[in-house]
Amino acid sequence: MNHNSISEWLNGWRLRLLIVSIVLAATGYISVSLWVGWEDVSAAVVRIGPMIICLSLLLSLLNYGLRFVRWELYLRQLSYTIVSKTNISIYLSGFALTTTPAKAGEALRAVLLKPYGVRYSDSLAALLSERVSDLLAVLIMAAIGISQYPQYEPLIWIFALLIPAFWLLIASKKLLNSIHIISIRLPAILAKIAEKILQILETTRRCHPPLLIVQASILSLIAWGAEGVAFYAILQQLQSSISLETALFIYATAMLAGAASFMPGGLGGAELAMTGLLHLNGMPVADAIAASLVIRLATLWFAVVLGLIFLTQEIRRISND
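Residues numbered from 1 in each chain as written. Predicted model: local features only at pLDDT ≥ 70, side-chain atom pairs only at ≥ 80, totals over all residues. Heavy atoms only, no water.

Enquirer: Which parts of the structure should I look at to understand the pattern of salt bridges?
Expert: Pairing is possible between side chains that carry opposite charge, provided their charged atoms lie close to one another. What the rule picks out here adds up to ten salt bridges. Residues Arg317 and Glu314 are paired through a salt bridge, measuring 2.7 Å at the closest nitrogen-oxygen approach. In this pair, Arg317 and Glu314 both sit in helix 13 (residues 285-320), three residues apart, roughly one turn of the helix. Since its relative accessible area comes to 3%, Glu314 is described here as buried. Members of the salt-bridge network, linked through shared partners, are Arg70, Arg109, Glu130, Arg131 and Asp134. (Salt bridge = Lys/Arg side-chain N within 4 Å of Asp/Glu carboxyl O. Helix = DSSP H or I, 4+ residues; strand = E, 2+ residues; numbered from the N terminus. Buried < 20%, exposed > 50% of the residue type's maximum accessible area, 1.4 Å probe, protein only.)

Rendered as structure tokens:
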């Protein structure tokens, strides 16, 4: 895999989507702030202050670090051992394309890991396992306060049902064989795509022995809980009376709402849900918007910036080899 191959992978819709997502996010954030009152939102951000923003960034780093440990566990389960310095650089490079639907752009890791002998199907199986583990952790966080918001139960249940459905799919050899029999009757192109998907699902099965499920779930819950705590710290700095339990629920539900919106990085959906729930809990609109913007900058966009930095280093390293 050379520099040109990486550049080709980044060209086209992936790069355009990244640029469009950044422009849309900036436009949306500025527009909402102007609509509510730029001065009020800016004043709320100032009240949050640099110390809490730095704390949020540190807790985001903890989130990324724990998720990397989980990533290494998945790769080792698939019999791969990559030098940690190299692996973490590749892992963080994937964050550059976090603002793609369902974070699909993070599949860039598979391209970067290929020169180290990691098959595409194995990298993608580890990535799929990550998404499921993330979903489980966020659902647990959301379940903490769902009793206070029965109107959001359908959203939680929709996502909750995906996890047992996924585990049933990868655990049932008979079901996968049945899907394979059906797929070979499809047109050639569709049959080939179905074959690749089934190969990834077969590999994903190896990422889910009972002990690893427990280890990954604990790491995921602590990782996403760290960002929830950062969100709570921001709310406390704005003198909100919202409890930690409610803050975790709001943050987790906003993440699910963003995922359900199918927008890149959950843009718009997550911020809208977060702001709305904060306002329902008594926060002034300007404060709610400021809290939502700061936590998204400290989590989503911080990850994108880190990803771009490490991806640039990876491209430079590859071009020098």
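Enquirer: Any chance you could explain empty space enclosed by the protein here in plain terms?
Expert: In this approach, a probe sized like a water molecule rolls over the atoms, and the result shows the empty space that is left. Tallying each qualifying case throughout the model produces one cavity of 30 Å³ or more. In this structure, the largest cavity occupies an estimated 70 Å³ of space. Lining the largest cavity are Tyr74, Ser129, Val132, Ser133, Leu136, Trp167, Cys207, His208, Ile213, Ala216 and Ser217. Secondary structure elements with two or more residues in the lining of the largest cavity: helix 6 (120-145) and helix 10 (210-237). (1 Å grid on protein atoms, 1.4 Å probe; cavity = no way out; pocket = protein on both sides within 12 Å on 5 of 7 lines; lining within 4 Å. Points joined across faces, edges and corners; volume = space filled by probe spheres on them.)

Enquirer: When you look at the packing of helix 3 (residues 38-77) against helix 6 in this model, what are you seeing that I'm missing?
Expert: What describes two packed helices is the angle between their axes and the distance between those same axes. Two numbers describe how helix 3 lies on helix 6: the axes approach to 10 Å, and their chain directions differ by 135°. Here helix 6 runs oblique to helix 3, going by the angle between their axes. Viewed along their axes, helix 3 and helix 6 form a crossing whose handedness is right-handed. Seen from helix 3, the contacting residues are Arg67, Arg70, Trp71, Tyr74 and Leu75; seen from helix 6, they are Ser123, Ala126, Leu127, Ser129, Glu130, Arg131, Ser133 and Asp134. For the contact of helix 3 with helix 6, the class distribution of residues is five nonpolar, three polar and five charged. (Axes fitted to C-alpha atoms, helices over the stretch in contact; angles between N-to-C directions. Parallel < 35°, antiparallel > 145°, perpendicular 65-115°, else oblique. Left-handed = near helix turned anticlockwise from the far one by under 90°. Contact = heavy atoms within 4.5 Å. Nonpolar A, V, L, I, M, F, W, Y, C, P; charged D, E, K, R; others polar.)

Enquirer: How do you make sense of helix 4 (residues 84-93) when you look at a structure like this?
Expert: An α-helical turn contains 3.6 residues, so any two residues separated by three or four positions project in the same direction. Restricting attention to buried positions, one finds in helix 4 the residues Asn87, Ser89, Ile90, Tyr91, Leu92 and Ser93. Those residues of helix 4 that are buried lie in contact with helix 3, helix 5 (108-113), helix 6 and helix 13.

Enquirer: Looking at this structure, how should I read the packing of aromatic side chains?
Expert: One pair of aromatic rings is described through two measures. These are the centre distance and the angle between the planes. Under the defined criterion, the tally for this structure stands at six aromatic pairs. The rings of Tyr64, Phe68, Trp71, Tyr91, Phe95 and Phe302 are connected pair by pair, giving a single aromatic cluster. Directly above the ring of Trp71 sits Arg109, whose terminal nitrogen or CZ lies 5.0 Å from the centroid. (Phe/Tyr/Trp six-rings, centres within 6.5 Å; stacked < 30°, edge-to-face > 60°. Lys NZ or Arg CZ within 6 Å of the ring centre and 35° of its normal.)

Enquirer: Just to check I follow, could you spell out the packing of helix 3 against helix 4 for this structure?
Expert: It is at 11 Å that the axes of helix 3 and helix 4 come closest, and there the two elements cross at 115°. Considering the angle they form, helix 3 stands roughly perpendicular to helix 4. In this structure, the crossing between helix 3 and helix 4 has a hand that is right-handed. From helix 3, Tyr64, Arg67, Phe68, Arg70, Trp71, Glu72 and Leu75 reach across to helix 4, where they touch Ser84, Asn87, Ile88, Tyr91 and Leu92. Taken together, the residues that form the contact of helix 3 with helix 4 break down as seven nonpolar, two polar and three charged.

Enquirer: Even after reading the chapter, I still don't get a nonpolar patch on the surface, so can you show me in this structure?
Expert: Taken together, Leu186, Ile189, Leu190, Ile193 and Ile197 make up a surface patch of nonpolar side chains, about 480 Å² in accessible area. Inspection of the secondary structure puts Ile197 in helix 9 (residues 188-206). (Patch = residues over 30% accessible without salt bridge, like charges linked within 9 Å, V, L, I, M, F, W, Y side chains within 5 Å. Areas by Shrake-Rupley, 256 points an atom, 1.4 Å probe, with all protein chains shown as cover.)

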